[in-house]
Amino acid sequence: MKLKVLGSISPYVKENNNCPGYLIEKNDNKVLLDCGSGITREMNLHNDLENLTIIISHLHRDHYADLLTLGYATFVYHRLGLLKEKVKVYIPNEESLDKKYLTNMEEHFLEFIPYEENTKIQISDLEITFKQNPHPVLTYSIKVKDNKYTLVYSSDTGYKNNSLEDFAKDADLFICETTFLKNQKGTIDNHLTTTEAATIAKKASVKKLMITHTWPEISQKLYLKETKELFKILKHTSVL
């Protein structure tokens with residue numbers, strides 16, 4: 001399993017970094033976790049459209065905005081005869097303006113498929129499962145396993161009542177949102193701090209933690225420094 005980080009900041013692009021997007025490759029198959037603003041500039045089109053499955057964790061626009069761009073690219077490449085099969089896009093099964101906005105796109109070559117917490121997706125030897133976690137809209141953390149490795153992506157989540165300690169248990173790689181420094185959070189529990197992300201990773205006994213979804217105007221070195229205060233195995237902690 002190979003991972004390419006296409007974007008890791010939120011809620012907007014800045015300089016050379018984009019909003020969330022993580023491209024997993026295994027043999028001839030590709031899985032894109034989220035499709036945030038700017039990630040298409042890091043993709044190899046049209047090659048990355050072949051055998052591609054897209055999974056949107058939740059319908060906040062910093063996690064799907066470039067799906068509109070990518071959708072139009074599929075339309076063009078299909079018209080040129082370079083893309084034969086529709087690209088499957090899994091989106092949370094909820095009624096919302098965002099869902100209607102996406103599925104009503106006119107010029108695309110995408111197949112939209114709703115999913116729920118008990119959905120299991122099998123792509124060759126990749127098994128993909130989901131766990132709902134607290135956020136203002138319906139949001140799923142995502143687990144991708146093959147016969148050797150396990151990758152877990154938290155997506156966006158609050159700290160109280162989230163299930164990541166169990167869902168990410170013993171993961172080889174845990175990609176965890178870390179929106180706030182430890183003293184920034186305030187009273188709204190929609191996102192994690194450095195301390196909360198490190199605490200989850202430590203309790204889950206993950207082998208490697210990568211922090212992501214950082215604020216564009218704050219140095220990522222500060223996020224990394226604070227996270228390492230609890231998750232101390234330096235070679236196992238990095239920032240996306």
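The structure we're discussing is the one just above.
Residues numbered from 1 in each chain as written. Predicted model: local features only at pLDDT ≥ 70, side-chain atom pairs only at ≥ 80, totals over all residues. Heavy atoms only, no water.

Draft legend 1. Structural detail: the pairing of strand E4 (residues 52-55). With burial as the criterion, each face of E4 is covered, one bearing Leu-52 and Ile-54 and the other bearing Thr-53 and Ile-55. Pairing geometry for strand E3 (residues 29-33) and E4, over four bridges, is parallel. Bridge pairing in E4 links Leu-32 to Ile-54. Two elements, E4 and strand E5 (residues 87-92), share three bridges in a ladder whose sense is parallel. Bridge pairing links Ile-54 to Val-89 in E5. (Buried < 20%, exposed > 50% of the residue type's maximum accessible area, 1.4 Å probe, protein only. Helix = DSSP H or I, 4+ residues; strand = E, 2+ residues; numbered from the N terminus. Pairing = 2+ DSSP bridges.)

Draft legend 2. Highlighting the pattern of salt bridges. Using the criterion set out here, one finds 11 salt bridges in the structure. Of the charged contacts, one joins Lys-185 and Glu-196 as a salt bridge, the two residues approaching to 2.8 Å between their closest N and O atoms. Remark: Glu-196 occurs in helix H4 (residues 194-204) and Lys-185 occurs in the loop between strand E11 (173-177) and H4; sequence separation between them is 11 residues. Judged on exposure class, the residue Lys-185 and its partner Glu-196 are both buried. With a closest N to O distance of 3.8 Å, Glu-229 and Lys-225 form a salt bridge. What you see here is one network of salt bridges that share partners, running through Lys-26, Asp-125 and Asp-146. (Salt bridge = Lys/Arg side-chain N within 4 Å of Asp/Glu carboxyl O.)

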